[in-house]
Structures are given as structure tokens and as C-alpha cells.
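# Close look at the chain arrangement
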Amino acid sequence: MTEKRGYPFLVGGAILAGSIGLLDVLNHTLGDWGLWGVLLASAGGAVLLLWRKPEPKVARSPLPQTVDTVAVRRALAEAEKVITQLEVEVNDPQEAAFDAVKPQVNQFQSQVSQIASDMNRDDIRLLVMGAKGCGKTSLIQEMQAHWTPNSTRTLSFVEAPSLFEAAANSLAAEALAQQQAIAADLVLFLVNGDMTESEFETVKRLAATKRVLLVLNKQDQYLPAERQTIVNHLQRRGRGVWSSEDVVAIAAAPNPIKVRQHQPDGSVNEWLEEQSPDIAALTQRLEQILQQESQQLVLKSSFTSALALGVQVKTVLNDVRRTRALPVVEQFQWIAAGTAFASPLPAMDLVATVAINAQMIHDLGTIYRQKFSLQQAQKVATTLGSLMLKLGLVELSTQAIASLLKSNALTYLAGGCIQGISAAYLTRVAGLSLIEYFNTQEPNLTLSEASPLAIERFSQILQRVFQQNQQLTFLQTLANQAMDRFSAALPQPQLTAASDPTLFTASQASEASMTDESVSSEPLRLPLYCAVPLSVAPEVEIPAQNGTGIPLAASSLDTTTLSSN
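As the structure is a computational prediction, the values presented were derived from the model and not from experiment. (Residues numbered from 1 in each chain as written. Predicted model: local features only at pLDDT ≥ 70, side-chain atom pairs only at ≥ 80, totals over all residues. Heavy atoms only, no water.)

On to the side chain of T427. Relative to the assigned elements, T427 resides in helix α13 (residues 415–440). Once residues within four sequence positions are removed from consideration, T427 is found in contact with V329, F332, Q333, A336, N357 and M360. (Helix = DSSP H or I, 4+ residues; strand = E, 2+ residues; numbered from the N terminus. Contact = heavy atoms within 4.5 Å.)

Once that is clear, we can look at the sheet that holds strand β5 (residues 247–249). Overall, parallel pairing links the five strands, which are arranged β2-β1-β3-β4-β5 in an open sheet. A strand with exactly one partner marks an edge of an open sheet, and here the two such strands are β2 (155–159) and β5. Across the sheet, the axes of successive neighbouring strands diverge by a mean angle of 25°, strand direction being ignored. Here five bridges tie strand β1 (residues 124–130) to strand β3 (residues 186–191), and the two strands are oriented parallel to one another. (Pairing = 2+ DSSP bridges. Axes fitted to C-alpha atoms, helices over the stretch in contact; angles between N-to-C directions.)

A complete count under the given rule lists five aromatic pairs for this structure. With centroids separated by 5.7 Å and ring planes inclined at 85°, the aromatic side chains of Y437 and F458 adopt a geometry described as edge-to-face. In this pair, Y437 is assigned in helix α13 and F458 in helix α14 (residues 455–468), connecting sequence segments 21 residues apart. For the pair Y437 and F458, one class covers both residues: buried. Three or more aromatic residues joined by ring pairs make a cluster, and in this case those are Y368, F372, Y437, F438 and F458. R237 extends its terminal NZ or CZ atom over the ring of F200, reaching a point 4.7 Å from the ring centre. (Phe/Tyr/Trp six-rings, centres within 6.5 Å; stacked < 30°, edge-to-face > 60°. Buried < 20%, exposed > 50% of the residue type's maximum accessible area, 1.4 Å probe, protein only. Lys NZ or Arg CZ within 6 Å of the ring centre and 35° of its normal.)

Here the focus is the pairing of strand β6 (residues 257–262). In terms of residue burial, β6 counts as a barely covered element, since only zero of its six residues are buried. Where β6 and strand β7 (residues 268–273) come together, six bridges link them in antiparallel fashion. Considered in β7, the bridge of I257 is made with E273. Counted between consecutive antiparallel strands, the loop separating β6 from β7 contains five residues, among which G266 sits at a positive phi close to 95°.

Grouped together as the largest cluster of nonpolar side chains are 34 residues, with contacts concentrated most on I361, L364, F372 and F438. Broken down by secondary-structure element, the contributors of at least two residues to this core are α8 (280–342), α9 (346–367), α10 (374–391), α13 and α14. The greatest single-element share of this core, amounting to ten residues, is contributed by α13. Aside from chain neighbours lying at most four places away, what touches I361 is F372, A377, V380, A381 and L434. (Core = buried A, V, L, I, M, F, W, Y, C linked by side-chain atoms within 4.5 Å.)

A word on the pattern of salt bridges. Applying the stated criterion to the full structure yields 13 salt bridges. Here E89 ties to R321 by a salt bridge, and the two come within 2.8 Å at their closest N and O atoms. Placement of E89 in helix α2 (residues 69–90) and of R321 in helix α8 is noted, with a sequence separation of 232 residues between them. A relative accessible area of 7% means that E89 is categorised as buried. Note that E89 is salt-bridged to R324, the shortest N-O span being 3.4 Å. Placement of the pair is E89 in helix α2 and R324 in helix α8, with a sequence separation of 235 residues. One salt-bridge network, in which partners are shared between bridges, spans R211, D246, R285 and E293. (Salt bridge = Lys/Arg side-chain N within 4 Å of Asp/Glu carboxyl O.)

Here D220 lies in the loop between β4 (211–216) and α7 (224–237). The spacing of D220 and P254 is 34 residues in sequence and 6.1 Å in space, taken between C-alpha atoms. Not counting the four nearest positions on each side in its chain, D220 is found in contact with A251, P254 and N255.

Our focus in this paragraph is the pairing of β4. Counting buried positions along β4 yields five of six residues, so the element is predominantly enclosed. Two strands pair when backbone bridges link them, and β3 and β4 are joined in this way by six bridges, in the parallel orientation. Along β4, the bridge assignment pairs L188 with L213. Between the parallel pair β3 and β4, the chain is carried across by helix α6 (residues 197–207), and the sense of this crossover is right-handed. Two strands pair when backbone bridges link them, and β4 and β5 are joined in this way by three bridges, in the parallel orientation. In the strand pairing of β5, L214 is matched with V247. Taking the sense of rotation as the criterion, the β-α-β connection linking β4, α7 and β5 turns out right-handed. (Right-handed = clockwise from strand over helix to strand, strands pointing away.)

As a further point, take the environment of Q359. Here Q359 lies in helix α9. Assessed through its relative accessible area of 7%, Q359 is described here as buried. Sequence separation between Q359 and F332 is 27 residues; the distance between their C-alpha atoms is 8.6 Å.

Locating S301 in the fold gives a position in helix α8. A polar side-chain atom of S301 sits 3.3 Å from the main-chain carbonyl oxygen of A184. Beyond its immediate stretch of four places on either side in the chain, S301 contacts R121, I182, A183, A184, D185 and K210. (Polar contact = N/O pair within 3.5 Å; in protein donor to acceptor, adjacent residues only side chain to side chain.)

So, on to helix α3 (residues 102–118). For α3, built from 17 residues, the straight-helix expectation of 24 Å at 1.5 Å per residue is met to within 8% by its first-to-last C-alpha distance of 25 Å. Listed in full, the buried residues belonging to α3 are V105, F108, V112, I115 and D118. Buried residues of α3, viewed axially, fall in a sector of 150°; they line one side. (Expected span 1.5 Å × (residues − 1). Arc of directions from axis to C-beta.)

So, about the confidence of the model for the protein. Per-chain confidence: the protein averages 74 in pLDDT, with 63% of residues scoring 70 or above. Least confident of the elements in the protein is helix α18 (residues 528–531), whose mean pLDDT is 32; most confident is β3, at 96. Per-residue pLDDT stays below 50 along residues 49–61; that stretch engages in five contacts with residues further than four places along the chain or on separate chains. Counting contacts from residues 409–416, a segment whose pLDDT is below 50, to residues more than four positions away or on other chains yields twelve contacts. (pLDDT = per-residue confidence, 0-100.)

Even without being a glycine, K218 presents a positive backbone phi close to 65°. Looking at the secondary structure, you find K218 in the loop between β4 and α7. Positive phi, normally seen in glycine, also occurs at R369, with a value near 60°. When you line up the elements, R369 lands in the loop between α9 and β8 (370–371). Using a relative accessible area of 27% as the deciding quantity, one classes R369 as partly exposed.

The periodicity of an α-helix, 3.6 residues per turn, causes residues three or four places apart in sequence to face the same way. Among the residues making up helix α4 (residues 136–146), those that are buried are K136, L139, I140, E142 and M143. The buried residues of α4 all sit within an arc of 165° when viewed along its axis, so they share a single face. Residues Q141 and H146 are exposed on α4 and point more than 90 degrees away from its buried face.

Given below as C-alpha cells:
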């Protein structure tokens, strides 16, 4: 095979020689000043090329340019699949906590039928949006009185709640407006002047899925030159978001004009003269859109509604699965706590933690319809532990919990308490992170093989969940619950004499046992901190999938003892 060689030095030398020759010709032809002029012009052109502002990119809509009935039916079919799976999971006889969700399933099924029927309708739905005082009500009244009766289409108007208010119910108003925008075919967004940043971002989001007309209302309050300046600025600002033809200026309810008339006798008469509304620019633009795009407006609205319904159903399904998954996480966090508390060796803690997390991953995968084999679950658990160590979460959690237990000398001296609470906390963080990770994926509707863990995305979720669960109140509550469990698992101290137990020696106990049979019948119990050595492993229960429990010693937990089904 012939090797292809390059000659960079020869090529560079040829280019350099040619450039020197060209400069020499220009010097003889134009002189020194002409040569410097050519060089300056070249430098200026290069600067202009570098500093030239790029043309604004047209915002890409997530919706296709054209929508047909096939696309709408396909979106509805996808939503129906999720609704069917949701119905199966909430109607499980063993899950009585989801009775409140069952009416939602019927509501979702009704919405599917409604969307399928609406995509063949002839009427057009218009939504009027804007801030408070922009003239939404006046515009609707004017259009219903003078334009709707003469239109060839059946039109319906909906006024959205006022946006961008500082009131406590502003978030609820914006959520309602978003729901109304999904059902609308065309949105009229009103402004009274140049747009604020909040208004621009709102229109930008709407324009991604809806046809939006930007309406400058109250144009009578500006001089003609000012009015045109505002319109031009709105058109330039929305370049790539909306077309310049979709920016119109109107006066739905113009202010009366003061008229002054001078009489021959020198007196002056003044009065207010009412002005007629001027919405001609808006109605003309609407007529053009309705003649050309009325069918597409209805189909895109139905398509958007079908997609929004699918997202809503997926959210409810994820909530149901999260409700089922949280008790699993809580169960395994206390298993991990008991294992770490009773285990005398850190190596045994590590093996047991991997085994416990592997079983938790397996059970969570079953809830989220992702089939993890035993080997896959162990691999994910090992990856999860390595990721926690790499991010420093183990050290941070141990330091935080140790600082909480310093106030109690008994618990602070018992290293097993710190290890146990840290194990419970980290297991809970791992479980919540897995739940959030599964929620970000498309919900599986059938039990299928689990896909590989996306490490980078899961790492971001893990850090976020760790920060959210790092509040002092949460850690204190977890520590208190763990100490209650540890105290209940160990024998409580009981004193056999009314005197100070530190003064009750072993010889006194022996003497008392020979003289008083009632005392000898009750064994001597030592205080809590010396009653049970940490090497004793208490029994914990790992519930099986069918609800039964198999008592196992925590130290005997191993990856080979976990069920793979």
C-alpha cells in the first residue's frame, strides 16, 4: 500500500513566496501609500467579519410544521397505552391506597374521546392573554359585537387570568392560563407598549406550540411616530419567534379626545368627544389566517392536547409508582442501619451494603417495570457506592450525623450508632435518587430488560437529592428514629437495688443471693452501654416478594443469598 505523504514546508514556502511577490507588485504599482491602504482595507474587512452579529436563529418548534389526523390518532394511542397501564396498577387488589386515583383514570379516558371528537370541529377557539389592564375584556366585547357576526367561521373567545401579578394566586392564574392555551387554537397576546422580559419569555414559550398574534393595544395613547417605533421594535425583537405580520396595533377602547372650540365672542367651549374603536388591523390579519390555516389550527390544537394528556398521565403514573417505592426504600434503609450497627468489621459492612442495595434496586426495578437480574443489580449497587465515594457524600453524611449525636455522650461514644444512621441515610438517598432517575425516563408499560445506568445524569440527580435531604430537621428526625429502633432492639437496663448501681458490687450481689431467694430469682442486668457487645448481630427481616418474612442475621447477608426473581 502506497503511503500518502504531505509536504507542509514546501506548500508553506510556496505560499509565502507568492505573497511576497504580490506585495512587491503592489508596491511598484501603487506605491507605499497604496500598499498601506490595501493592507488597512484587508484588516478592516477582517475585523468587520469577526464582529458582525450573526443572524438570529429561527426558534424550532417541537411540533411538526403540518399535522394530519394520523399524527393526532398516534398521539392519542400513546396516551391510551399509559392510561391502560395506570388503570392496571391502581386496580391492584393489594393496593388500596390508590382509590383516589381511580376517578382520574375515567377522566383521562373521557379526555381521549373528547380530543378525538374535537379534531373534526369547525369552530375556532381564541384565547386572549395579557397583563392586568391591557384591555382584554374591551377587545373581546368589541370583537363579539362588530366582527364575530360577520365572520364566516364560528368563533369562541376565552379571557385568560391576568398574568405577572404580585398576588399570592399569581402562580395559580398562570397555571390556568397555560391549560387554556393548550385547548385554544390561536392566542392573542396583548401589550400596552414595549414588552417586558417576562412578557417576552411567556410569548416565546407559547409560540413554540401555538399560533400567537402580538397585539399592541391602546395605540391612541401614542403619537403616530412613537406608535410606529414600538411596532418596529416588537417586530425586530420577535424575529425568529413570530413573523412581523403577526404584530398589529389597535385601540379597542380609545380614550375620549378633548375638543376646544373658540366662539366669535371670544369664549371657548370644551367637551370630550368619544372615539370609535379601531381593530381593523387585527381583524384583517385574523381573516387571512382563518382562510388559510383554520384546519391546521384545529389539528395542531388537538395534537398539542393529546401530547399534554400523555404527559399528565405519565406524571400520575410516576406518582403512583413513587408512592409504592417509598416504603421499599424505607424498609431497606433500616435493614442497612441494623446491619451497620451490629457488624464489627467495616469489610462486612461493605459486603452487606452492596447486597442490600442490590436487592433494593431489584425491587424498585420491579415497581418501575424494569427487570434487573441479580448480576445487573449488583453492578448498579457497586457503581452507586463508588459514585457516592467519588462525590464525597459518605464523608459529608458521616460528619453531619456525628455532629448531631455529639449532644448525647452515650450515642456519640457508640460508633455503631453513627455507622448505622449513616448507612440508613445513604441508603435512603440512593433509593430516592433511583426513584427520580426512573421518573425522568419514559415509563415502561411492560416488564422489560433494564437499560444501562446513565452515569452522568444519575450523578446529577444523586447530588441534587443529597442536597435536598441535607436539612438539619430531616437528619435530626432520621437520627431520632434510628435511636428509637436501636434502643428497642437492645435489652433495657433494670436495677435490682434501690441504691446507686455503681455502688452495688458483685460481692454484694453474691451475698444477697445467699440470703434472699427473691433477689436471687431476678438476674442482674447491666446498663445499656455494656449490656450487649457490638459483635452480636441482631436478627432483621427481609420481606419476600409475596409478603412473607425470613429472619436472617444481619451479618449473614451476602450477595449470594438474595433472590434473583
